[in-house]
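# Descriptive structure summary
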Amino acid sequence: CLHPDFTYAAVKTDSQGILILAKELVKDVMEITGIHEYEVIAELSAVDLEKKVCKHPIYDRDSLIILGDHVTLDAGTGCVHTAPGHGADDHIVGKRYGLECYSPVEDNGVFSADVEEFGGQFIFKANENINAKLESLGLLLRNDNMSHSYPHCWRCKKPVIYRATPQWFISMDKLDLRKNSLEEINNVKWIPSWGRERIYSMIENRPDWCLSRQRSWGVPIPVFHCKSCKDVYVTRESVDKIHALFTEHSSDVWFDKDAEFLMPEGAVCDKCGSKEFTKDHNILDVWFDSGVSHAAVLEEREELQRPADLYLEGSDQHRGWFHSSLLTAVGRTGHAPYKAVLTHGFVVDENGRKMSKSVGNVVAPESVIKQYGADVLRLWAASADYRQDVSISNNIIKQLSDAYRRIRNTCRFMLGNFGDFDIASDMQPISEMSELDRFILHRLHQVVDRALKSYDSFEFHTIYHTLQNFCVVDLSSFYLDIIKDRLYASAPDDPARRDAQTVMAVILDAVVRIMAPILPFTADEIFAHMPKAGNTAESIHLEPMVQLDPAWKDNTLAEKWENIRALRSEVTKALEEARTRKLIGHPLDAKLSIMLPDTELKTIVQGLEEPLHDIFIVSQAAVVDALDESDTVYQGKEIEGLAIAVEKAVGEKCDRCWRFDTTIGDDADHPAACERCAAVLKEIA
């Protein structure tokens, strides 16, 4: 083999005739071989010598001159012996020129019997005999030792050689496996979408699949080889017998028994008639093992069907499990084994470093479960955007534990208000409820809609953030905060109280179904204590997913109440300032005078059905056209033109509802209660 870019010299010598060497190495070679009388009679390009035929130095056969980029000028002559069966570079360049992949070395390291003069000799010991043969023919210019980078055994450190051996392959193109697999890739949903391009390019450019591996453990390739002619023996009878033996004894029987025991009786080689066989000693590529799991799982279990809804693994599996599963399924059935493939990143610490015991940043799942419970660990998994690497640390887990408690406590509050509520008799029609009740159901509609879409697209972190935001912002800090007075101070059968209980029942039923796949233990615990209708399953996990109810949706009402929420936010800031100035302690100590700008907001507030003091959770509240100059006024920060005066509420504090009222003492039977509470107490009595 010559380098295509080198210039070669024809060197005339008295003792060796004409030698062809790389031009740059002529002087060095002549000095090393001790040839002092020589003449360069011609210069040749490598291309001029390509495909010329030379005589083999030992055997009566021709040798082809070929070109390869792996030839160097570091040492030697610039002309390199090429053995396609004993080196990667040699194999590649030999294949280009159609050379036979000849590898005459047996498994025990000796030359094959058909190697003339050297058959049966150990390869390294045969070197001396080969050199002696060349010298006897007058063809050995120099025999010397040199230091050369070549593979050695990683355990015993002895030199080894490259050796091409027969392997088992699956062709990517003979039966259009590559073409069909690429077509099937387009029928799969890839999450994230870049997964499609990644696996497509891998399948598009991959070579044939080498199925065999040379290891002493694994799943064997159940074929036999004729001892005489090496021909492969595999028949329907031999495969059926191996299947029966594997079923009875496991695949270990292949390693425990000899070929005679494993083969069908009377087996004869079709090629040479021999009756002596050896087992194939290769095992299957482990990716083939995992790649055919779809056949072992989806087809063997009655409750499952193919294709699978989802394959889930890390981003490295585009060249692994996703890849081998696709090829084996398309080759066997013509279709991909999965409808969707979801790829996630790897778990790292909060600083983006991989988990390492030596670094000490490993967070053990069992320790998280022991301290916080399994649902907190599951919430961590659901809260992360898995499309990137996922961070975990004790601090992150603690933050998620706090978020989990807020969700749990919100549900617990609602559960605590169903003691006298019967689903069958106390549920109220949504159409007759107050605007506040219908607004929170509209927000529930948005939450359910987003959660269902997120489940369909496997965006679990969106579900977590949506659920947490709904529980904390919409429920705890807004709706449930406002309706506490209704729940605690109204008469048990007050329609407004029953409306609130109905809304909470609807909300809790939806929320527990949304959280069930992510927080299964918490959801089941909540479900066990919820008010239920007659035909209800024992577990939330036997119930269907929540469905959108069009009766919840009211976009016009939602737009109106988002304005009210913005005003409520400003009122909260005004109350906080008054508390800082020690004008009030609790918000129920306050009386509000609100001057609104002449905008749509003023029209909305003036047309409200709900009393302002209920929405803002104060004792008294009113919209005014002007504020007293002596009042300390809060100027709106988010709503331009808004002004709010906070002062001490008028009247005395009711012992029951804690509101200040001028009617305290009017009822002789309940002198410490306001007029409303006194009436409720009489009704209860």
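Coordinates for the structure precede this section.
Residues numbered from 1 in each chain as written. Predicted model: local features only at pLDDT ≥ 70, side-chain atom pairs only at ≥ 80, totals over all residues. Heavy atoms only, no water.

### Some points on the side chain of Ser593
If you trace the backbone, Ser593 turns up in strand β18 (residues 590-595). Excluding residues within four positions of it along the chain, Ser593 makes contact with Ala622, Val624, Leu627, Ala643, Ile644, Ala645 and Glu647. (Helix = DSSP H or I, 4+ residues; strand = E, 2+ residues; numbered from the N terminus. Contact = heavy atoms within 4.5 Å.)

### A look at the packing of aromatic side chains
Throughout the structure, instances matching the rule amount to 16 aromatic pairs. With a centroid separation of 5.9 Å and 75 degrees between ring planes, the pair formed by Trp190 and Tyr338 is classed as edge-to-face. One end of the pair, Trp190, is in strand β7 (residues 189-191); the other, Tyr338, is in the loop between α12 (321-333) and β15 (340-344), and 148 residues separate them in sequence. You'll find Trp190 and Tyr338 in the same group, each marked buried. When the centroid spacing of 6.0 Å and the interplanar angle of 35 degrees are considered together, the rings of Trp321 and Phe322 count as tilted. If you follow Arg196 out to its NZ or CZ, it ends over the ring of Tyr200, 4.4 Å from the centre. One residue, Lys653, lies across the ring of Trp658, its end atom 4.9 Å from the ring centre. (Phe/Tyr/Trp six-rings, centres within 6.5 Å; stacked < 30°, edge-to-face > 60°. Buried < 20%, exposed > 50% of the residue type's maximum accessible area, 1.4 Å probe, protein only. Lys NZ or Arg CZ within 6 Å of the ring centre and 35° of its normal.)

### Description of the nonpolar core
Counting residues in each nonpolar core, the largest one holds 98 residues, and the members touching the most others are Tyr479 and Ile507. Contacts of Ile507, omitting those with residues within four sequence positions, involve Met414, Ile440, Leu441, Leu444, Phe470 and Leu475. Counting residues in each nonpolar core, the second largest holds 23 residues, with Leu177, Val223, Tyr311 and Val330 among its members. (Core = buried A, V, L, I, M, F, W, Y, C linked by side-chain atoms within 4.5 Å.)

### A closer look at the packing of helix α14 (residues 374-383) against helix α20 (residues 520-529)
Contact geometry for α14 and α20: axes closest at 7 Å, N-to-C directions at 120 degrees. Judged by the angle between their axes, α14 and α20 are oblique. Two secondary-structure elements touch here, α14 through Ala374, Asp375 and Arg378 and α20 through Pro520, Phe521 and Thr522. (Axes fitted to C-alpha atoms, helices over the stretch in contact; angles between N-to-C directions. Parallel < 35°, antiparallel > 145°, perpendicular 65-115°, else oblique.)

### Quick notes on the pairing of β15
For β15, the tally of buried residues reaches four of five residues, placing the bulk of the element in the interior. Of the strand pairs in this sheet, β7 and β15 are connected by three bridges, and their pairing is parallel. When the sheet's bridge partners are listed, Trp190 is paired in β15 with Val341. Strand direction decides the pairing type here: strand β14 (residues 311-314) and β15, joined by four bridges, are parallel. Residue pairing across strands places Tyr311 opposite Val341, the latter belonging to β15. (Pairing = 2+ DSSP bridges.)

### Section: unusual backbone geometry
The residue after Ile191, namely Pro192, is reached through a cis peptide bond having omega -5 degrees. With respect to the helices, strands and loops of the structure, Pro192 is situated in the loop between β7 and α6 (194-205). Of the consecutive residues Arg306 and Pro307, the connecting peptide bond is found in the cis state with omega at 0 degrees. With respect to the helices, strands and loops of the structure, Pro307 is situated in the loop between α11 (293-298) and β14. Unusually for a residue other than glycine, Ser250 sits at a positive phi of about 75 degrees. The residue Ser250 is located in the loop between α7 (236-249) and α8 (253-256) in this model. What makes Ser250 partly exposed here is its relative accessible area of 33%.

### Some words on the packing of helix α15 (residues 394-415) against helix α18 (residues 460-489)
Contact pair α15 / α18: the axes reach a minimum separation of 10 Å and the direction vectors enclose 35 degrees. The element α15 and its partner α18 pack so that their crossing is left-handed. Counting all contacts with α15, which are made through Leu400, Ala403, Arg406, Ile407, Thr410, Phe413 and Met414, the residues of α18 involved are Tyr464, Gln468, Cys471, Val472, Leu475, Ser476, Leu480, Lys484, Leu487 and Tyr488. Per-class residue counts for the contact of α15 with α18 are 12 nonpolar, three polar and two charged. (Left-handed = near helix turned anticlockwise from the far one by under 90°. Nonpolar A, V, L, I, M, F, W, Y, C, P; charged D, E, K, R; others polar.)

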